[in-house]
Amino acid sequence: MVYETGNETVDDALERVLAGERLDRTDGLALIAQPVEALAEAGAAVRDHFGDGTVDACSIVNAKAGNCAEDCGFCAQSVHFDTGIDTYGFLGPEKILEAAKRAERDGAQRFGIVVAEKGVSKEHRPEEWAAVLESIRLVRDECDLEVDASLGILTEEEAAILAAEGINHYNHNIETSPNYFPEIVGSHSFEDRVKTLEVAKAAGMDLCAGVILGMGETPTDRVEAAIALQDIGVSSLPVNVLNPVAGTPLAKQGVDISTSEIVETVAVYKLLHPHARVRLTGGREVNLEPDEQHLPLEAGADGILTGDYLTTEGQSPGDDIEIIERAGLEPNRDTNDFDPEEVKARHSGAAESSTETASTGTEPSDD
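The structure displayed is predicted, hence computed values, not measured ones. (Residues numbered from 1 in each chain as written. Predicted model: local features only at pLDDT ≥ 70, side-chain atom pairs only at ≥ 80, totals over all residues. Heavy atoms only, no water.)

### Digging into the packing of aromatic side chains
Test applied: Aromatic pairing here means that ring centres of Phe, Tyr or Trp (its six-membered ring) are within 6.5 Å. Orientation follows from the plane angle: under 30 degrees is stacked, over 60 is edge-to-face, and everything else is tilted. Remark: exposure states derive from per-residue accessible area (1.4 Å probe, protein chains only) relative to the maximum for the residue type, with buried under 20%, exposed over 50%, and partly exposed in between.
Taken as a whole, this structure holds 1 aromatic pair when the rule is applied. Between F181 and F190 the ring centres are 5.8 Å apart and the planes differ by 80°, which places this aromatic pair in the edge-to-face class. By relative accessible area, which is 1% here, F181 ends up buried. For F190, a relative accessible area of 7% translates into the label buried.

Shown next as structure tokens:
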């Protein structure tokens, strides 16, 4: 099938992607300067060619909240900032299982266990490490869900254990480009994050790593981040949009991105990562109007994070299914054979009130 948008630059790139060629930095920079309409068409064409017409949904639990020693400028859970969030220690396996079962009922295909700290250390916090492993086993054994984790920096031994326990994706967002990263985080480096991703991949886990848009980065930074993720090799690419939390440094700055920039970035990411799920995650509800949320899906996105986020509320899984359907797509039911109409009916007129389910959204742990 031949796809044509009428834009020579976009059509040339699209043809090469569909033929199996990997686009590079020069291509990405040329693409992100093109009209959003042509990019959206091309992103959708890539998704339709390589995908299955479904949108994959994930949900997470904020398994340990606050008191993180890192200084990520967007993060409400950093001990460096006074954000007024509720803090608590590790929830425990049974509460995590409850959150997983709720996610399963709501149609998630995968469920992530997130801990807000530099790293869950087998050596330094053996009791917490053991509780994480027990939680993974419970969810794996009692739910029809892929089990993911976001536990911060990993040693090779820890990564091997997680892989053996059946962790499907390891989440560790790079947040932004290598050049802009020091403007956002000072307590660790971009290379630290890449090293953990490499360790997780070498152990046999798939990678979930993405960005936060709207933090003051340039379009070039957005492309540079996507190219870095190409080099790392990810199968899930979460695209967050900054949802500024009072008390964080970035709350003073505000969000610096438009709807068209969000859509064009999603489309370019799909062209640069044709085989990855480009996943809409935190901040979309506050940065896109209700009648705009389907637009990134129409531009090639084929994943979503449903439910609440780490420290901020999301929208209901029923609303997310309606957005998926508005984009002409279907929820993925390969892992969890749920009834979308039942999910929509259950959530009709009521928002989720749980504080336990969340996404790897705009305030990820130091994952």
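### Here's the deal with the environment of A38
Stated precisely, the cut-off is as follows: Only DSSP runs of H or I covering at least 4 residues are called helices, and only runs of E covering at least 2 are called strands; the numbering of each starts at the N terminus.
Looking at the secondary structure, you find A38 in helix α3 (residues 36-50). Counting along the chain gives 237 residues from A38 to H275, while the straight-line C-alpha distance between them is 20 Å.

### What to know about the pairing of strand β7 (residues 236-241)
Condition: Criterion used throughout: strands pair if DSSP finds at least two bridges between them. Seen with the strands pointing away from the viewer, any crossover whose path from the first strand over the helix to the second strand runs clockwise is right-handed.
Judged by how many residues are buried, β7 sits mostly within the fold: 6 of 6 residues are covered. Side-chain alternation along β7 places S236, P238 and N240 on one buried face and L237, V239 and V241 on a second face that is also buried. In the sheet, strand β6 (residues 211-213) pairs with β7 via 3 bridges, with the strands oriented parallel. When the sheet's bridge partners are listed, V211 is paired in β7 with V239. Read from β6 through helix α9 (residues 219-232) to β7, the crossover connection turns out right-handed.

### Some details on the pattern of salt bridges
Any two side chains of opposite charge can pair, given that their charged atoms come close. To keep it simple, the criterion reads: Only one rule defines a salt bridge in this text: a Lys or Arg side-chain nitrogen within 4 Å of an Asp or Glu carboxyl oxygen.
With the rule as written, the count across this model stands at 26 salt bridges. Residues R137 and E165 are paired through a salt bridge, measuring 2.6 Å at the closest nitrogen-oxygen approach. Taken as a pair, R137 in helix α5 (residues 126-142) and E165 in the loop between α6 (156-164) and β4 (169-171) lie far apart in primary sequence, 28 residues in all. What makes R137 partly exposed here is its relative accessible area of 34%. Residue E165 is classed as buried on the basis of its relative accessible area of 13%. One salt bridge in this structure joins E285 and R284, with 3.8 Å as the shortest N-O distance. Taken as a pair, E285 and R284 share a single burial class, namely buried. Within the structure, one salt-bridge network assembled from shared partners comprises D12, R16, E21 and D27.

### Some points on helix α15 (residues 340-347)
A turn of α-helix holds 3.6 residues, and therefore any two residues three or four places apart point the same way. Note the cut-off: As used here, the arc belongs to the directions running from the helix axis to the C-beta atoms. We call two residues in contact when some of their heavy atoms are within 4.5 Å. Polar contact is the term for a pair of N or O atoms within 3.5 Å; when the atoms are in protein, one must be able to donate a hydrogen and the other to accept it, and sequence-neighboring residues count only if both atoms are side-chain atoms.
Every buried residue of α15 is accounted for by P340, V343, K344 and H347. An end-on view of α15 places all buried positions within 95° of arc, on one side of the element. Tucked inside the fold, the buried residues of α15 contact α4 (93-105), α14 (317-326) and β10 (330-331). Sitting at the head of α15, D339 places a side-chain oxygen 3.0 Å from the backbone nitrogen of E341.

### Here we look at the packing of α3 against helix α11 (residues 259-272)
Heads up, the condition is: The axes used here are C-alpha line fits, helices contributing only the stretch in contact, and every angle between their N-to-C directions lies in the interval 0 to 180 degrees. The labels follow the angle: roughly parallel below 35 degrees, roughly antiparallel above 145, roughly perpendicular from 65 to 115, and oblique for the rest. If you view the pair so one helix is near and one far, a crossing is left-handed when the near helix is turned anticlockwise from the far one by less than a right angle, and right-handed when it is turned clockwise. We call Asp, Glu, Lys and Arg charged. Ala, Val, Leu, Ile, Met, Phe, Trp, Tyr, Cys and Pro are nonpolar, and the rest, Gly among them, are polar.
Put simply, α3 and α11 touch, their axes get as near as 8 Å, and they point 40° apart. Viewed along their axes, α3 and α11 adopt a mutual orientation that is oblique. α11 is crossed by α3, and the crossing has left-handed handedness. Of the residues in α11, those in contact with V36, L39, A40, A42, G43, V46 and R47 of α3 are S260, V263, E264, A267, V268, K270 and L271. Among the residues forming the contact of α3 with α11, the class breakdown is 9 nonpolar, 2 polar and 3 charged.

### Section: the packing of helix α1 (residues 8-18) against α3
For the pair α1 and α3, interaxial distance at closest approach is 10 Å and the crossing angle is 10°. The angle between the axes of α1 and α3 places the two elements in the roughly parallel class. Contacts between α1 and α3 involve V10, L14, V17 and L18 from the first element and A38, L39, A42, A45, V46, H49 and F50 from the second. Class assignment for the residues of the contact of α1 with α3 results in 10 nonpolar, 1 polar and no charged.

### Considering the pairing of strand β1 (residues 54-64)
Judged by how many residues are buried, β1 sits mostly within the fold: 11 of 11 residues are covered. Where β1 lies against β10, 2 bridges are found, and the strand directions are parallel. By the bridge assignment, T54 is partnered in β10 with E330. Across 3 bridges, the pairing between β1 and strand β9 (residues 303-305) is parallel. By the bridge assignment, C58 is partnered in β9 with L305.

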